[in-house]
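Coordinates in review
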Amino acid sequence: MKVHVANHPLISHKLTVLRDERTDSPTFRHLVEELVTLLAYEATREVHTETVSIKTPVTATKGLKLAKPTPVVVPILRAGLGMLEGMTRLVPTAEVGFLGMVRDEVTLEASTYANRLPDDLAGRQCFVLDPMLATGGTLIAAVHFLAERGATDITIICILAAPEGIAALEKAFAEIALPITLVTGALDEKLNEHGYIVPGLGDAGDRLYGVV
Ligand code: URA
């Protein structure tokens, strides 16, 4: 698995405000969108393009456009939804699929409760959005779900990652030839006994949308 930890002062600045427990939900949502746009810039470095001919007001020339089929963006509900706007702002022609996954807070096991995705993902570049790579359980289940539909090109974008989550993803997909890229805003220290990222930012879904 290719892991890219963003290293940019603007990302670090926004992350620091995001982590601060005093940051309210509207500011948190806005910052998540901004961060995802910055991370998406890195995550789409290998997006498929095709050469096209155009005419500028001066001359005929060639340029690059996003190739078809366009990428599929897959936010993992609920917290991944807060990342969608920031991603589609950068890639407005992407299709959007949804994957609803919930983590049992005791066993930390992830299960799928809803999905809206193309049946055939062969040849599609998939960008999975989930703000927190903690134990890795949710993302491992999500990647399996996409791979079962034929996806072979998967990039995960998260705001924060824990070393335990990265190790779990690497272990889960070590045996199969599925190239996965992870782009994260920061690599944090560890998980605590409740499966929360330390220092982290708390529960991303609650901070985006409130405790419901
Ligand atoms: N999910 C969250 O929202 N926060 C964490 O720290 C870990 C998992």
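Residues numbered from 1 in each chain as written. Predicted model: local features only at pLDDT ≥ 70, side-chain atom pairs only at ≥ 80, totals over all residues. Heavy atoms only, no water.

Notes on the side chain of arginine 207
Short version of the rule: The helix count covers DSSP runs of H or I at least four residues long, the strand count covers runs of E at least two residues long, and both are numbered beginning at the N terminus. Residue burial is assigned from relative accessible area. The probe radius is 1.4 Å, only protein chains are included, and a residue is buried under 20% of its type maximum, exposed over 50%, and partly exposed in between. For the purpose of charge, His is not counted, nor are the chain termini; Lys and Arg are scored as positive and Asp and Glu as negative. Here a salt bridge means any side-chain nitrogen of Lys or Arg lying within 4 Å of a carboxyl oxygen belonging to Asp or Glu.
As for its placement among the helices and strands, arginine 207 is situated in helix H6 (residues 204–209). Aspartate 20 provides the closest opposite charge to the buried, unpaired arginine 207, separated from it by 6.2 Å.

Structural notes on the packing of helix H1 (residues 9–19) against helix H2 (residues 25–43)
For clarity, the threshold we go by: To get an axis, a line is fitted to the C-alpha atoms, and for a helix only the part in contact is used. The angle between two axes follows their N-to-C directions and goes from 0 to 180 degrees. Here is the rule for angles: anything less than 35 degrees is roughly parallel, anything more than 145 is roughly antiparallel, 65 through 115 is roughly perpendicular, and the remaining ranges are oblique. Two helices cross in a left-handed way if the nearer one is turned anticlockwise from the farther one by less than a right angle. They cross in a right-handed way if the turn is clockwise. By the convention used here, residues are in contact when the closest approach between their heavy atoms is within 4.5 Å.
The contact between H1 and H2 brings their axes to 10 Å, and the two run at 155°. By the angle between their axes, H1 is roughly antiparallel relative to H2. Handedness of the crossing formed by H1 with H2: left-handed. Contacts between H1 and H2 involve Ile11, Lys14, Leu15, Val17 and Leu18 from the former and Phe28, Leu31, Val32, Glu34, Leu35, Leu38 and Leu39 from the latter.

Details of the pattern of salt bridges
The full count for this structure, using the stated rule, is eight salt bridges. Among the ionic pairs, arginine 22 bridges to aspartate 20, the shortest N-O distance being 2.7 Å. What makes arginine 22 exposed here is its relative accessible area of 70%. Within this structure, Glu33, Glu85 and Arg89 form a network of salt bridges that share partners.

What about H2?
To keep things clear, this is the line we draw: Helices are assigned an expected span. That span is 1.5 Å times one less than the residue count.
An ideal rise of 1.5 Å per residue puts 27 Å on 19 residues; H2 measures up with 26 Å between its terminal C-alpha atoms. Where H2 is concerned, the buried positions are Phe28, Leu31, Val32, Leu35, Val36, Thr37, Leu39, Ala40 and Ala43. Buried positions along H2 lie against H1, helix H3 (81–90), strand S8 (125–129), strand S10 (153–161), strand S11 (180–187) and H6.

Here's the deal with the site of the ligand
Put simply, the test is: Here a residue is considered near a molecule or strand provided that any single heavy atom belonging to it is located within 4 Å of it. The term polar contact refers here to a pair of N or O atoms within 3.5 Å; inside protein, the definition further demands a hydrogen-donor-capable atom paired with an acceptor-capable atom, and it admits residues adjacent in sequence only when both atoms are side-chain atoms. All accessibility values rest on the Shrake-Rupley procedure with a 1.4 Å probe; residue burial counts only the protein chains present in the view. Each residue gets one of three labels, nonpolar for Ala, Val, Leu, Ile, Met, Phe, Trp, Tyr, Cys and Pro, charged for Asp, Glu, Lys and Arg, and polar for the others, Gly among them.
Taken together, Arg103, Met132, Ala134, Gly195, Tyr196, Ile197, Gly202, Asp203 and Ala204 are the residues near the ligand. The contact in question runs from an oxygen atom of the ligand to an N or O atom on the backbone of isoleucine 197, over 2.8 Å. The backbone of alanine 204 places a nitrogen or oxygen atom 2.7 Å from an oxygen atom of the ligand. Burial of the ligand by the surrounding chains reaches 88%, relative to a free accessible area of 240 Å². Partitioned by chemical class, the residues of the shell around the ligand number five nonpolar, two polar and two charged.

Digging into the nonpolar core
Our working definition: To qualify as a nonpolar core, a set must consist of buried Ala, Val, Leu, Ile, Met, Phe, Trp, Tyr and Cys residues joined through side-chain atoms within 4.5 Å.
Of all hydrophobic cores here, the largest spans 34 residues; its most connected members are Leu15, Leu18, Val32, Met87, Ile157, Ile159 and Leu160. Within the residue set of this core, elements represented by two or more residues are H1, H2, H3, S8, S10, S11 and H6. It is H2 that contributes the most residues to this core, eight residues altogether. Excluding its chain neighbours within four sequence positions, the residues that come into contact with valine 32 are Leu18, Gly82, Met83, Ile159 and Leu208. Counting residues in each nonpolar core, the second largest holds 27 residues, with Leu121, Leu139, Ala161 and Leu182 among its members.

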